[in-house]
Amino acid sequence: MDNIQYIGEWLLPGKIGHFLTLLSMVGALYATICFALASWWEGTNDTLAASWKRMGRMGFAANALAVVGIFATLFFLIFEHRFEYKYVWQHSSRTLPVYYMISCFWEGQEGSFLLWQFWTAVLGLVLISRAKKWEATTMTVVGAMQVFLATMLIGIYIGSYKLGSSPFILTRLDMGAAPIFQNPNYLELFLKDGRGLNPLLQNYWMVIHPPTLFLGFALTLIPFAYVMAALWKRDFTDWVRPTLSWALLGGGILGGGILMGGAWAYEALSFGGFWAWDPVENASLVPWLTLVAGIHTLLAYKHSGYGLRATALFFNFTLWLILYSTFLTRSGVLGDTSVHSFTDLGMSGQLLAFMLFFIISSTLLTIARWKSMPSPEKDESAYSREFWLFIGALLLTMVAGLIAIDTSWPVINKIFGTNKAITDPIPHYNRYTLWFAVVVGLLSATIQYFRYKDSDIVKFLRSLAVSTVVSAALTGIIAYVLSIGSAALIALLFAGVFGTIANLNYLITVLKGKIRVAGASVAHIGFGILLVGILISSAKKDIISLNTTGIDYGKEFDEKNKKENILLYKDKPMKMGEYFATYKGDSIVGINTYYKVQYEKKKNAEDTPSETFMLYPHVQINPNMGMIANPATRHYLTQDIFTHVTSAPDNTQSNSKSEELKEGELAIGDTLVTKNSFIILKAINPAPIVSGYVPMPDDIAAGAKLQIVNIESKNYDAEPVYYIRNNTENRVDAEIKDLGLKIKFDKIIPEKSKIKLSVVETAVVDQFIILKAEVFPYINLVWLGSLVAVTGFLMSVHRRRKEGVKVKKA
């Protein structure tokens, strides 16, 4: 122990928390060893195996209690505003409401690892009580996972290597070199408040999305553990029923967590949508795809004996990809490419070891037992359900692999020194995932009509005839009404409609409406509705905030966004689609500024509106992240109107006489925004000729050619002059009396290729905002399809559990 140095001093709660992190690791390690020995002796010395199993249970119980204690201690520190602890100071503040303080818990790496560890402990306790003959072997795997998760939180040094990062380290011990900590009153002077929660996470979805997602992560371990247990014991029959239940539960929970993330992105982020193919979004989607692939091949194995090896591989892949996504998210490699990723805490090597341990050990065991896994000698019939289940699983794995490769370019670049980047991810990923979605949608519609072992192809085609005709007719009607002309989009629309209709028909005609056995059909119906919702809401999205005045908002806006953002002055309606929008003012609530935007549905400005409503998009000026925009949405049954502010000045003074000085450094094309004008630097004139300036032979002169756009979209030109004569700086100001502007060319900044302007504006101040508004048609189909699909998973879990109860009673 001499080579181990603990991180510093601890106040009482920190000492308790740190002790519990160590106890959780020791308990998990002890449990893993005991369960491994119990598994070793099972079948040869059952008495000894039972003894080791009892000790393993005690060790895991100690781990679980320690994890609960860590949870409670960290919550206590956050709720008590104990900013002397670095984790509390980094992620919380006194201004946060209680429900957002809960989100603070898992904003940081340490808290999210603890959340994962908590769910794994809960699932381990359930396995101890229910796994029966599989307990020792599966709990060896669960215990090993707990050991690695515990090491992420212990925060000790072994030699010069730091193992994990503790959430209980004191701020002054981690940042002791900072001068503020030399003052004995640093707490009262400098740590009165914390840095607060990331503004993007201040949303109710962030209270429930991370716990759900991490429960999904933890659940992927259980099918993997059963596969390892079956391989270890060479028992390939009894493991199927419990594994199927756990895999279905994992698929439903992880899928639900991913969809909650989409709902959060839709409500809290300003990119306009629910899925942006962000690397961290992809990192959770990819293992879900392989998990679903494993569920389908496990069903094939259960009913036909085909697909055992594929199932083992798919469940292996799923956990590997969960661990790989953990490495991607937490190693810092995605820091510049994702809004979700964590910064590097120096644990990249530890994360890599975590991942490689499970990959290497499971690979070796799978290879060792590969030949002993039963596999029918005769190939399955091309007209059998198990054949097409395997084809569907293979397609899911292929698209998962393609997404994983594209997501991994930051890692590939770092390893091989390349510089490949996906600059426009949405069209890039959509280009190939669309066709996979088409084929998978068609398979979800047809596979259930096949029988296991073999099918009568004529009966198969006859059973699908009505669904095909109805789906084709509905697809044609929808495509015509919504003006969908692309062949690819029509194919996707048909796949979604066909998946919905065919599975509904199967539920009614084949299952005779027996909902209790219809989990798969319900999940597939949800998937079909989801495809239709994604297609219509994305392809037919309508941007109504079009810039029809031609105002140039400056270099901060690219050409696309200049066209798609509208300038609204206070109390001056502007036409947006079938609405007139009016900016009615703003109010400051805490650190947020809310903008009141009135929508009136009418054809002409003088008409009486058929509908009027208010939206309140808001922004937060964050010292670390700049302006954070939070959208506001008007929800209808058939569409959403999505609005967010993209730019706004300080509107604290309204409708009063003011004289304000505004200074700015501008390159050519830049814009200086005043209360009532946009001042755009168009060019630098090396030979200015303006009133008030008479050029001399030895002058060094420059004129700033400016375009000024006022609140009524009128354009003005001006050219202030800066010149040096007899080694003396001189200036000729430009004045626009109509706008109350006096513009001075202060100086040239050659090292920045910029100039400095000073503008004095004397005018009646009008407030304004620049905003973007989009209409998402039939977006509710996305949420409906998501809900139905998750419900189908949970229905299947309930059915499998009831089947298990019947087997036990028999």
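The structure under discussion appears in the preceding block.
A brief report on the enclosed structure follows. (Residues numbered from 1 in each chain as written. Predicted model: local features only at pLDDT ≥ 70, side-chain atom pairs only at ≥ 80, totals over all residues. Heavy atoms only, no water.)

This part is about helix H13 (residues 308-330). Along its 23 residues, H13 runs 33 Å from first to last C-alpha, staying within 8% of the 33 Å computed at 1.5 Å per residue. Buried residues dominate H13, accounting for 19 of its 23 residues. After H13 finishes, the residue Gly332 shows a positive phi value of roughly 90°. (Helix = DSSP H or I, 4+ residues; strand = E, 2+ residues; numbered from the N terminus. Expected span 1.5 Å × (residues − 1). Buried < 20%, exposed > 50% of the residue type's maximum accessible area, 1.4 Å probe, protein only.)

Time to look at the pattern of salt bridges. Inspection of every chain in the model, using the stated rule, returns 20 salt bridges. With a closest N to O distance of 3.4 Å, Glu774 and Lys541 form a salt bridge. In this pair, Glu774 sits in strand S24 (residues 768-777) while Lys541 sits in the loop between helix H20 (519-539) and strand S4 (542-543), placing the two residues 233 residues apart along the sequence. In this structure, a network of salt bridges that share partners links the residues Glu42, Lys53 and Lys233. (Salt bridge = Lys/Arg side-chain N within 4 Å of Asp/Glu carboxyl O.)

Moving on, we get to the pairing of S24. Within S24, 10 of the 10 residues are buried, which leaves it mostly tucked inside the rest of the structure. As paired strands, S4 and S24 are joined by 2 bridges and run antiparallel to one another. For Asp542, the partnering residue across the bridge sits in S24 and is Val775. As paired strands, strand S5 (residues 566-569) and S24 are joined by 4 bridges and run antiparallel to one another. Residue Tyr569 lies in a different strand from S24, and its bridge partner there is Phe768. Both strand S13 (residues 639-647) and S24 contribute to a ladder of 8 bridges, which runs antiparallel. (Pairing = 2+ DSSP bridges.)

Attention now moves to the environment of Arg634. Mapped onto the secondary structure, Arg634 falls in strand S12 (residues 632-635). It is 10.0 Å that separates the C-alpha atoms of Arg634 and Tyr616, two residues lying 18 residues apart in sequence. Setting aside residues up to four positions removed in sequence, Arg634 forms contacts with Glu611, Phe613, Leu615, Gln639, Asp640 and Ile641. A distance of 3.4 Å separates a polar atom in the side chain of Arg634 from a polar atom in the side chain of Glu611. Looking at Arg634, its side chain comes within polar contact range of the side chain of Tyr636, at 3.5 Å. (Contact = heavy atoms within 4.5 Å. Polar contact = N/O pair within 3.5 Å; in protein donor to acceptor, adjacent residues only side chain to side chain.)

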